[in-house]
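Descriptive analysis of the structure
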Amino acid sequence: MTRHVLVTGASRGIGAAIAEHFIALDDTVVGLSRSGTAPDGCAMSLAVDVASSESVTAAVKATIAANGPVDVLVANAGITRDGLAMRMSDEQWRDVLSTNLDGAFFSARAVLSSMIRARSGRIIFMGSVSPFYGVPGQANYAAAKAGMVGLARSLAREVASRAITVNVIAPGFIDTEMTSELGSTSDEMTALIPMGHVGTTGDVAGLVGFLASDCAAYITGQVIAVDGGLAMGL
Ligand code: NDP
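A short tour of the structure in this document, coming up.

Among the nonpolar cores identified, the biggest contains 45 residues, and Leu6, Leu73, Val111, Ile123, Phe125, Leu155 and Val166 are the most heavily contacted of them. If you list the elements that add at least two residues to this core, you get strand 2 (28–33), helix 2 (53–67), strand 4 (72–75), helix 3 (90–118), strand 5 (121–126), helix 5 (139–159) and strand 6 (164–171). At 10 residues, helix 3 tops the list of elements feeding residues into this core. If sequence neighbours within four positions are ignored, Phe125 has contacts with Ala75, Ala104, Ala108, Met148, Leu151, Ala152, Leu155, Val166, Asn167, Val168 and Ile169. Grouped together as the second largest cluster of nonpolar side chains are 25 residues, Ile14, Ala17, Val74 and Val204 included.

This is the structure in structure tokens:
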């Protein structure tokens, strides 16, 4: 059966790979991003700033009107604004919290009533190993991604009786535009990965696909790493 899958941050990187994964399964995929671009094959692509509650709510209303209840939400949109905490500006802190944590909450809240009515649904938040591993320069990012775990687990308990699962994926070091900015730090980080190489967007998309599948119907409130062993035991 075709599912209605909503992916935030679908314009590139991990989000684009996730959208492509579901497109290949003939699902109805709707991509959200600030630029409004999304991979070929998406049923809709909408320009949305996930940090704006109004913008997210309007986009979700539009896709529900066009495609019916959302079966799968992948709250993937995220940014980094790294810097050591003692020099981190208010703006760096707020931008990351707004996009990465407010955005995840606004996206989940917007799909909940349709999932509750349908008595089914999958919410997948794109977290990170950052809050578990501890990464200097990422106080804002790690705080947002740690907040996402609390959000997911509270929500998981609120909606479990309606057969809606809520989980967090914690990628390690994945080859995208976000990590291409790291320069030589990239080699130092790769050396820490037990599997000895960075991950691909497809590695993350595969886990998203599993969590959205019937095989994962009894998995909720979990944080699952896809990191080549980087933060094992998180
Ligand atoms: P990219 O920078 O490659 O892509 C980020 C995506 O998010 C883009 O589609 C961007 O689209 C979108 N986006 C950013 N801000 C907003 C916003 N305010 N509203 C709507 N869309 C937005 O990042 P990755 O693919 O690497 O990362 C995707 C997710 O995975 C993020 O949440 C990131 O934190 C997480 N992650 C990534 C890791 C990695 O190693 N790459 C490791 C751990 C976690 P546009 O610019 O068009 O808005």
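What follows deals with the packing of aromatic side chains. In total, this model carries 1 aromatic pair according to the counting rule given. For the pair Phe105 and Phe106, a centre-to-centre distance of 6.0 Å together with 55° between the ring planes defines the contact as tilted. Assessed through its relative accessible area of 35%, Phe105 is described here as partly exposed. With a relative accessible area of 15%, Phe106 lands in the buried category.

Roughly 260 Å³ of volume is contained in the second largest pocket. Met1, Arg3, Asp27, Asp71, Val72, Ser120, Gly121, Arg122, Ala163, Ala212 and Asp214 together form the lining of the second largest pocket. Of the residues contributing to the lining of the second largest pocket, the split by class is 4 nonpolar, 2 polar and 5 charged.

Our focus in this paragraph is the sheet that holds strand 4. By definition, the strands of a sheet pair up through backbone hydrogen bonds, in either a parallel or an antiparallel sense. Taken together, 7 strands build an open sheet; the order of strands is 3-2-1-4-5-6-7 and the sheet is parallel. At either margin of the open sheet sits one strand with a lone partner, and together these are strand 3 (44–47) and strand 7 (223–226). Averaged over all neighbouring strand pairs, the angle between strand axes comes to 20°, with direction disregarded. Bridge analysis of strand 4 against strand 5 gives 4 bridges, and the strand direction is parallel.

Moving on, we get to the side chain of Ser114. Tracing the sequence through the fold places Ser114 in helix 3. Given the relative accessible area of 4%, Ser114 is considered buried. Side-chain polar atoms of Ser114 contact the backbone oxygen of Val111, separated by 3.2 Å. Setting aside chain neighbours within four positions, we find Ser114 in contact with Ile64, Pro69 and Val70.

Turning to the site of the ligand, a few remarks are in order. Around the ligand sit 30 residues, and of these Ser11, Ser35, Asn76, Tyr141 and Thr176 come closest. Here an oxygen atom of the ligand and a side-chain polar atom of Arg12 are 3.1 Å apart. Contact with the protein chains hides 96% of the accessible area of the ligand, taken as 890 Å² for the molecule alone. The set of elements that each furnish at least two residues to the shell around the ligand consists of helix 1 (13–24), helix 5 and helix 6 (177–180). The greatest single-element share of the shell around the ligand, amounting to 3 residues, is contributed by helix 6. Of the residues belonging to the shell around the ligand, the class tally is 12 nonpolar, 13 polar and 5 charged.

About the thresholds
Residues numbered from 1 in each chain as written. Predicted model: local features only at pLDDT ≥ 70, side-chain atom pairs only at ≥ 80, totals over all residues. Heavy atoms only, no water. Core = buried A, V, L, I, M, F, W, Y, C linked by side-chain atoms within 4.5 Å. Buried < 20%, exposed > 50% of the residue type's maximum accessible area, 1.4 Å probe, protein only. Helix = DSSP H or I, 4+ residues; strand = E, 2+ residues; numbered from the N terminus. Contact = heavy atoms within 4.5 Å. Phe/Tyr/Trp six-rings, centres within 6.5 Å; stacked < 30°, edge-to-face > 60°. 1 Å grid on protein atoms, 1.4 Å probe; cavity = no way out; pocket = protein on both sides within 12 Å on 5 of 7 lines; lining within 4 Å. Points joined across faces, edges and corners; volume = space filled by probe spheres on them. Nonpolar A, V, L, I, M, F, W, Y, C, P; charged D, E, K, R; others polar. Pairing = 2+ DSSP bridges. Axes fitted to C-alpha atoms, helices over the stretch in contact; angles between N-to-C directions. Polar contact = N/O pair within 3.5 Å; in protein donor to acceptor, adjacent residues only side chain to side chain. Near = heavy atom within 4 Å. Areas by Shrake-Rupley, 256 points an atom, 1.4 Å probe, with all protein chains shown as cover.

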